Amino acid sequence: MASTAAGKQRIPKVAKVKNKAPAEVQITAEQLLREAKERELELLPPPPKQKITDEEELNDYKLRKRKGFEDNIRKNRTVISNWIKYAQWEESLKEIQRARSIYERALDVDHRNITLWLKYAEMEMKSRQVNHARNIWDRAITILPRVNQFWYKYTYMEEMLENVAGCRQVFERWMEWEPDEQAWHSYINFELRYKEVDKARTIYERFVIVHPEVKNWIKYARFEEKHGYIAHSRKVYERSVEFFGEEYVDENLFVAFARFEEIQKEFERVRVIYKYALDRIPKHQAQELFKNYTMFEKKFGDRRGIEDVIVSKRRFQYEEEVKANPHNYDAWFDYLRLVESDADPDTVREVYERAIANIPPIQEKRHWRRYIYLWINYALYEELEVKDPERTRQVYQACLDLIPHKKFTFAKMWLLYAQFEIRQKNLQGARKALGSAIGKCPKNKLLKGYIELELQLREFDRCRKLYEKYLEFSPENCTTWIKFAELEIILGDTDRARAIFELAIGQPRLDMPEVLWKSYIDFEIEQEEFGNTRHLYKRLLQRTQHVKVWISYAKFELSIDGPDRLQRCRQIFEEANKGMRSCDEKEERLMLLESWKDFEKEFGSEGTVERVRKLLPEKVKKRRKLTAEDGSDAGWEEYYDYIFPEDAANQPNLKLLAMAKMWKRQQVDIEGENVPEKDPSAEEPMTEEPPAEEPMAEKPPAEEPMAEDHQLKSQWLRTRRHHRLPLRSLQLLLRTSQRTTLTETL
C-alpha cells in the first residue's frame, strides 16, 4: 500500500475563486498585442555581419551556402522557390555555368513551371548570352505554346536586338497557334512600326478569319481608312456585311459603316445603309441604330427624311408585334395603315398577303369579325388606290370562298362585292353574287341590302319577289311587312298594301306587333277610311286592353271633324275605364284617367271634370314583407298603391269594419276609466303576429264617425240586426280589425 501510494502522483488542488465579480480594470487582447509590439519582445537581433578577407574564407562560405541549398532541395525537390533562390545566388556570384546547371536540374523536376522558364531566360539575357536565351525561349514555346508571356518576351527580345526578320519569324510561329486578339494586334503594330502596311493588311485578313467578330472587322476597316485607303475600307465594310449575313447581323457594324460614309459625304449611301439595317435587325437590338439614324437626318436630311426615320421605327415596332402574335389583327391594321401611307403597291400587297394568311383557328363568327376587315381593306385598297378592278374581284372571290357559309357568313362582304360589280357596270354579276348569297345563307341584312339595291335601280317587280322571299324566310319580321306595304303605297296600289297588312296581322307570331298595327291604322287614316280605322281599333282591343290603345282610339275620334266627336271620345274613355277595372296595372288605369281629365278640361264642362276627378284614386304608401330566394326573411319594402273610389264602393263590409273598429276603441276607453279587476288567468291570451302588409296612409280617412256613446251603441245594434251576425262572429271580426287596417282590406 505504501509503495502504491508513493508511486501515484499527487494532483495539486485548484484554488477556488471566491470572488467571481469582474475586475474594475478590464484588459483586452488588443491591449496585450499592443504592449507586446511596443516592447518588441518577439524580435530577434540581426545576425552579425561577416567580412570575408581571403579566398579560403570565401570558398568556405560558398561551401556552407551550397550545402544548405542542396540540403533544402534534397528535403523537398518540388519546391521550385528553393531552386530559384539557389540559381539566383549562383548568378550573384557570377557563376553562370553553375546557375545554368541548377536551372536545368530544376527543369528536369518541373518543366511546366512558367516562372522557372522566365527566370532562366532572364538570367541568360542579363548575362548577354543571346543564343542561350534564344535556345531557352525556343524550348519554352515548344513545350508551352499557349503561354503568351513566352511569346511576348521572345518577340520583344528579338526586336530589341533589331532582328526584325527573326522577330517576324517568331510572330509567324505564334500566329500558327491562333492566339487571342491581343497577340494579333501586337503583330500588326510591329509591322506598322516598320511601315509595312501591306503586311499589316495581310495580317488583318488572317485575323478577321480567325476571330470573326464585328469589332475586328470594324478595326480592319478603320485601319484602311486611317492609312487613306478609302475604297479598301468601304470594301471591308461591304465584305463584313456580306460575311455576317442576316442571321448574325449587328447594329454596331452598320453604325460604323454609316459613320464612315458620313465622313466621306456620301449621304445617300448613309441613308441606304440605315434603311437596309432597320429592315433586317430586330427592334430591341436596334436602339442605337435608330438614335444615330435620327441624328443623321436631323443634321443632313429634310423633313421627308425625318418622317422616314419615324416611319421605319414604327414599322419595326409593328413587325415585332405581329411576329409575337400573328393573330393580333389590330396590330395588322395599324401596320397596314402605316405601309399604305409610305410604300409602293408591291410592298403593301405583300403585307396584306401576310396578314390574311393568319386565318382564325376556330370557326366561330366572333373570332372572324376583325379578320374579315383585313379582306375588306385589301379589296378597297386595290380598287381605290391601285385602281386594279380585276385584282379587286379576285380578292372578293377569294374571301367569299374562304368563309365557311354553312356555319356563318358576312352579309357586308356580299353587299360590298355586289356594289363593286355595279360600279364596274356589271349588273348581272352583282345580281348573281347576291342570288348566290341568298341561296347559300339567307340573312336579314343580306335581303335588305338586295332590296335596297333593286329599289335604287327602280326594279319594282324584282323588289316584290325579293320581299316575298324575305317574308318566306322571316314571316315574323314586322319591319319587312311594313316596308313591303309602303312599297305598294308608293306605287299607288292601296288594295295590295291593305292585303299585305291583313296578312301581316294574321301571322301567329310577330316580333313587334304594336308597330305593325300602328302602321296599318296610320295607313287607313291617310286613306281617310275612318270606318276601317274604327274597325281596326276594335279588332286590336279584342286582342289587347293596353291603355295606349284606348288613348290612341280616343284621340283618333277626337281628330275627326263631326258633331258627335266629343261624345264618341267620352264614350271611348268610359268603355276604357270599365274595361280596365279588372286590370292589375293601376298605373295604366291612372294614366287613362289623367288623359280623360285633360280631355274634359279642354272640351268638357265643370260637371264632367268633377265627375272624372271623383274617379281619380288615392295614393297611399304601404309596406310589404320581402322574402329572399332561399325562403328567409329579407326585411320590409315600402311601395305606393292607388285606391280607386269605384273599387271601394263595391266592398259591402267596408263601412261595417270602420264602425266596428270605432266601437271597439270606445269600449277600451270605458274599460280604462272603470278599471275592473279581472282574473288574468281567465283572459284568453291573444298573440298578434306582425302583419304581412301595413298601409301607411299619407292623409287621414275621408270620413270618421265622431258620435256620442248611445248613438254608437244604437248604430252598432242596428248594424248587427241588419247583417244578422252572431256576437261571436263580431268579436272575431273586431280582433281581425286590430290586425288589419281599413286600407289593407281595400
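In this report, we go over the structure that sits alongside the text. Everything quoted here is computed from the prediction, not taken from an experiment. (Residues numbered from 1 in each chain as written. Predicted model: local features only at pLDDT ≥ 70, side-chain atom pairs only at ≥ 80, totals over all residues. Heavy atoms only, no water.)

Quick word on the overall build of the protein chain
Counting its regular elements, the protein chain contains 39 helices and three strands. In the protein chain, which comprises 746 residues, the share counted as buried stands at 36%. For the protein chain, the share of sequence-separated contacts (at least 6 apart) that also reach a separation of at least 24 residues comes to 51%. (Helix = DSSP H or I, 4+ residues; strand = E, 2+ residues; numbered from the N terminus. Buried < 20%, exposed > 50% of the residue type's maximum accessible area, 1.4 Å probe, protein only. Contact = heavy atoms within 4.5 Å.)

Examining unusual backbone geometry
Here E178, not a glycine, exhibits a phi torsion of approximately 50°, which is positive. Tracing the chain through its elements places E178 in the loop between helix 9 (164-175) and helix 10 (181-193). Here the phi dihedral of K195 falls at roughly 60°; this positive angle occurs in a residue that is not glycine. With respect to the helices and strands, the residue K195 is situated in the loop between helix 10 and helix 11 (197-210).

A few points about the pairing of strand 2 (residues 633-643)
Across nine bridges, strand 1 (residues 618-627) lies against strand 2 in antiparallel orientation. What sits directly across from V620, in strand 2, is D641. Where strand 1 folds back on strand 2, the antiparallel hairpin that results is connected by five residues, among which G631 adopts a positive phi of roughly 95°. (Pairing = 2+ DSSP bridges.)

Here's the deal with helix 33 (residues 586-603)
Its 18 residues give helix 33 an end-to-end C-alpha distance of 26 Å, which sits within 8% of 26 Å, the value for a rise of 1.5 Å per residue. Of the residues making up helix 33, those classed as buried are E588, R589, L590, L592, L593, S595, W596, K597, F599 and E600. (Expected span 1.5 Å × (residues − 1).)

Some details on the packing of aromatic side chains
Applying the stated rule across the entire model yields 29 aromatic pairs. Between the aromatic rings of W368 and F408, the centroid separation amounts to 5.6 Å while the plane-to-plane angle is 65°, which identifies the pairing as edge-to-face. Placement of W368 in helix 20 (residues 365-368) and of F408 in the loop between helix 22 (389-402) and helix 23 (411-423) is noted, with a sequence separation of 40 residues between them. Both residues of the pair, W368 and F408, count as buried. In this structure an aromatic cluster arises from ring pairing among W151, Y152, F171, W174, Y187, F190 and Y194. (Phe/Tyr/Trp six-rings, centres within 6.5 Å; stacked < 30°, edge-to-face > 60°.)

Focus: the pattern of salt bridges
Going through the model one piece at a time under the given rule, you end up with 34 salt bridges. The salt bridge involving E158 is made with R134; its shortest N-O contact spans 2.9 Å. Here the residue E158 occupies a position in helix 8 (residues 148-160), and R134 occupies one in helix 7 (residues 130-143), the gap between them amounting to 24 residues. For R134, a relative accessible area of 24% corresponds to the partly exposed category. Put simply, R349 and E382 hold a salt bridge, and the shortest N to O gap is 2.8 Å. Here R349 is found in helix 19 (residues 345-356), whereas its partner E382 is found in helix 21 (residues 371-386), with 33 residues between them in sequence. With respect to burial, R349 and E382 carry one shared label: buried. Among the ionic contacts, a cluster of salt bridges with common partners joins D346, R349, E382, D388 and R391. (Salt bridge = Lys/Arg side-chain N within 4 Å of Asp/Glu carboxyl O.)

Quick notes on a negative patch on the surface
Residues D54, E55, E56 and E57 make up a contiguous surface patch of negative charge. Inspection of the secondary structure assignment puts E57 in helix 3 (residues 55-75). (Patch = residues over 30% accessible without salt bridge, like charges linked within 9 Å, V, L, I, M, F, W, Y side chains within 5 Å. Areas by Shrake-Rupley, 256 points an atom, 1.4 Å probe, with all protein chains shown as cover. Lys, Arg positive; Asp, Glu negative; His and termini not counted. Charge placed at Lys NZ, Arg CZ, Asp CG, Glu CD.)

Quick word on the side chain of T409
Here T409 shows up in the loop between helix 22 and helix 23. Among residues more than four places away in sequence, those in contact with T409 are K365, I403, W414, C441 and K443.

Overview of the environment of A200
Residue placement: A200 occurs in helix 11. With a relative accessible area of 0%, A200 lands in the buried category. Along the sequence, A200 and F223 sit 23 residues apart, while their C-alpha atoms lie 9.3 Å from each other. Among residues more than four places away in sequence, those in contact with A200 are I188, E191, L192 and F223.

A few points about helix 34 (residues 606-615)
Within an α-helix, residues lying three or four positions from one another point in the same direction, as the helix has 3.6 residues per turn. Buried within helix 34 are the following residues: T608, V609, V612 and L615. Around the axis of helix 34, the buried residues are gathered within 115° of arc, so they sit on the same side. Exposed and oriented more than 90 degrees from the buried face of helix 34 are E606 and K614. (Arc of directions from axis to C-beta.)

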